[in-house]
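Below are the chains, spelled out letter by letter.
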Amino acid sequence: MITAVTAAKNLCSFGFCVGEQSIKDGIYDFTIPGRMEVASQSPLTILDGGHNEGCLRALCSMAETY
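Calculation rules
- Residues numbered from 1 in each chain as written.
- Predicted model: local features only at pLDDT ≥ 70, side-chain atom pairs only at ≥ 80, totals over all residues.
- Heavy atoms only, no water.
- Pairing = 2+ DSSP bridges.
- Helix = DSSP H or I, 4+ residues; strand = E, 2+ residues; numbered from the N terminus.
- Patch = residues over 30% accessible without salt bridge, like charges linked within 9 Å, V, L, I, M, F, W, Y side chains within 5 Å.
- Areas by Shrake-Rupley, 256 points an atom, 1.4 Å probe, with all protein chains shown as cover.
- Salt bridge = Lys/Arg side-chain N within 4 Å of Asp/Glu carboxyl O.
- Axes fitted to C-alpha atoms, helices over the stretch in contact; angles between N-to-C directions.
- Parallel < 35°, antiparallel > 145°, perpendicular 65-115°, else oblique.
- Left-handed = near helix turned anticlockwise from the far one by under 90°.
- Contact = heavy atoms within 4.5 Å.
- Nonpolar A, V, L, I, M, F, W, Y, C, P; charged D, E, K, R; others polar.

### As for the pairing of strand β2 (residues 44-47)
Regular strands have side chains that alternate between both faces of the sheet.
Phase 1 of the analysis: As paired strands, strand β1 (residues 37-41) and β2 are joined by four bridges and run antiparallel to one another. Note that in β2 the partner of Q41 across the bridge is L44.
Phase 2 of the analysis: Here β1 folds back onto β2 in antiparallel fashion, the turn holding two residues.

Below, the structure written as structure tokens:
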């Protein structure tokens, strides 16, 4: 995420200025399809393409909130 923010800020030097609010909105609205995506509430079905231990821990933590 920080790479994208840095790139957006550096675009201004090339004549493509991205405002701070646009960056904030982009971060707020950002999703990765297939990552902790609730496909159905009944029955609860969560899609996740995570492939390492950290992703599994995050998925388990998220699932505990449901």
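So much for the structure itself; the text now carries on.
### Some thoughts on the environment of F14
Phase 1 of the analysis: For F14, the location among the structural elements is in the loop between α1 (2-10) and α2 (20-29).
Phase 2 of the analysis: Measuring from C-alpha to C-alpha, the distance between F14 and E53 comes to 40 Å, with 39 residues separating the pair along the chain.

### A closer look at a nonpolar patch on the surface
Phase 1 of the analysis: On the surface, a nonpolar cluster with roughly 400 Å² of combined accessible area is contributed by M1, I27, F30 and I32.
Phase 2 of the analysis: Following the sequence through the fold, I32 ends up in the loop between α2 and β1.

### Observations regarding the packing of α1 against α2
Phase 1 of the analysis: At their nearest, the axes of α1 and α2 sit 11 Å apart, and the two run at 155° to each other. Classed by the angle they form, the pair α1 and α2 counts as roughly antiparallel. Where α1 crosses over α2, the handedness of that crossing is right-handed. Contacts between α1 and α2 pair V5, A8 and K9 from the former with E20, I23 and I27 from the latter.
Phase 2 of the analysis: The residue inventory of the contact of α1 with α2, partitioned by class, reads four nonpolar, no polar and two charged.

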